[in-house]
Amino acid sequence: MQIQTDFIFRRFRSDRLGSGAAAQDKAAPGGKAAKTAAAVKTAKAAKAVKAAAAMTCLVVVSSLGFLSGCGPTLPDVTGPKITIGIAYDRPYLSNRRAEKFSGLDVTVATYVAHQLGYSADQITWVEAQNSNRSQLFDSQDVDMIVGVHQLLNDSDDDISFSGPYMTVRQRILVRKMDKNKYTNVTSLRATDICAIKGELSASVERMLIGQKTQLHWQGRYSQCISALFSGSVSAVIGDETALGGYATAMNNHQMVLTGPILAKNQYGIALPKGDDRLRALVDQSLHSLVGSSSFRTAASAFSKATRIKIRTANIPRESSDPSKRSASKTSKKSTSTDDERSSENQ
């Protein structure tokens, strides 16, 4: 699947990409400029049809004196769609309930989509996890994935990464009665714990395996929480933002975060590899996101509910330059590794 860039660049070409890119598109036979003109024409036609239908309905209602039957007569006219992958099971972060989506990462995704020219009604949501992000892009099931780690076990997979927009910390979640028993990685020696595929820090994983802790891997946080609640495992190790949401949502079941910070990860947006222009647009959107009122409101609501502070990340301005972006990624990988090494001493 590929984002309909003719629709995106209709909005961004003049003020963000510069006249040079626009001239190249215009000069190319059947280029984006031609497609953009078609998209604009289609959008205008759709609006005209919808307005005409609404006016017809209004006239009929006025003349007949009743309101029934007006809604269904309006044609379902929609524009291009964007498909965004998010987690479905993270309270206050990205959660689906009764086909409605809510949480901080949903706000991030909706904001970026809007900056690219898409309304909330034009978003198609797909469930995504860190562990299956490459497969989703390979099968063209998504255009982007929001709320993913920049690095997986100290190695990059075949995607582009925009951002990061948030720094998250990894911690331990236990039942309240065990909060003084399991206070760090060492205290989990020879126990059974649950972790999410693709999300556990490599250094923490090595420590756990080295001390003969039995790791049970799951694809979703909800599966690990069920195992903890049932007593199948003694603890869950994962991102503080996800675990803290469950600790709040399942307050009656008495789960608490415990211990020190084990590692730090960066949350960003995964994109198809090689689409540098789209990555530049998403980077620019994330720059404006972190200072926007919608993000501040969503972050404040998350922190108020979970008592976990949202730590926004610094998005380098030069990240739209692929060569500089590469250097930046190398630097981030070094920083991440240093954070993980320091956690081993805790």
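Just above, that's the structure.
On a predicted model such as this, the values are computed, not experimentally measured, just so you know.

1. Looking at the overall build of the protein chain
- Within the protein chain, the regular secondary structure consists of twelve helices and twelve strands.
- Counting only residues that meet the buried cut, the protein chain has 47% of its 346 residues in that class.
- Counting contacts in the protein chain only where the partners sit at least 6 residues apart, residues at least 24 apart contribute 74% of the total.
- Looking at the protein chain as shown, the accessible area adds up to about 16600 Å², and 50% of this sits on carbon and sulfur atoms.

2. A closer look at the pairing of strand S11 (residues 255-271)
- Strand direction decides the pairing type here: strand S6 (residues 144-149) and S11, joined by four bridges, are antiparallel. Opposite His 149, over in S11, you have Tyr 267 as the bridge partner.
- Here strand S7 (residues 160-175) runs beside S11; their pairing, made up of twelve bridges, is antiparallel. The partner of Ser 160 across the bridge, within S11, is Leu 271.

3. Some points on the pattern of salt bridges
- What the rule picks out here adds up to seven salt bridges.
- Glu 99 serves as the salt-bridge partner of Arg 96, at 3.8 Å between the closest nitrogen and oxygen.
- For Arg 96, a relative accessible area of 37% translates into the label partly exposed.
- Residue Asp 276 is joined to Arg 279 by a salt bridge in which the shortest nitrogen-to-oxygen separation is 3.2 Å. A residue pair is termed a helical-turn pair when its members lie 3 or 4 positions apart in one helix, as Asp 276 and Arg 279 do in helix H10 (residues 276-289) at three residues.

4. So, the packing of aromatic side chains
- Under the definition given, this model contains two aromatic pairs.
- Members of the aromatic cluster, each reached through a chain of ring pairs, are Tyr 88, Phe 101 and Trp 125.

Reading the values: the criteria
Residues numbered from 1 in each chain as written. Predicted model: local features only at pLDDT ≥ 70, side-chain atom pairs only at ≥ 80, totals over all residues. Heavy atoms only, no water. Helix = DSSP H or I, 4+ residues; strand = E, 2+ residues; numbered from the N terminus. Buried < 20%, exposed > 50% of the residue type's maximum accessible area, 1.4 Å probe, protein only. Contact = heavy atoms within 4.5 Å. Areas by Shrake-Rupley, 256 points an atom, 1.4 Å probe, with all protein chains shown as cover. Pairing = 2+ DSSP bridges. Salt bridge = Lys/Arg side-chain N within 4 Å of Asp/Glu carboxyl O. Phe/Tyr/Trp six-rings, centres within 6.5 Å; stacked < 30°, edge-to-face > 60°.

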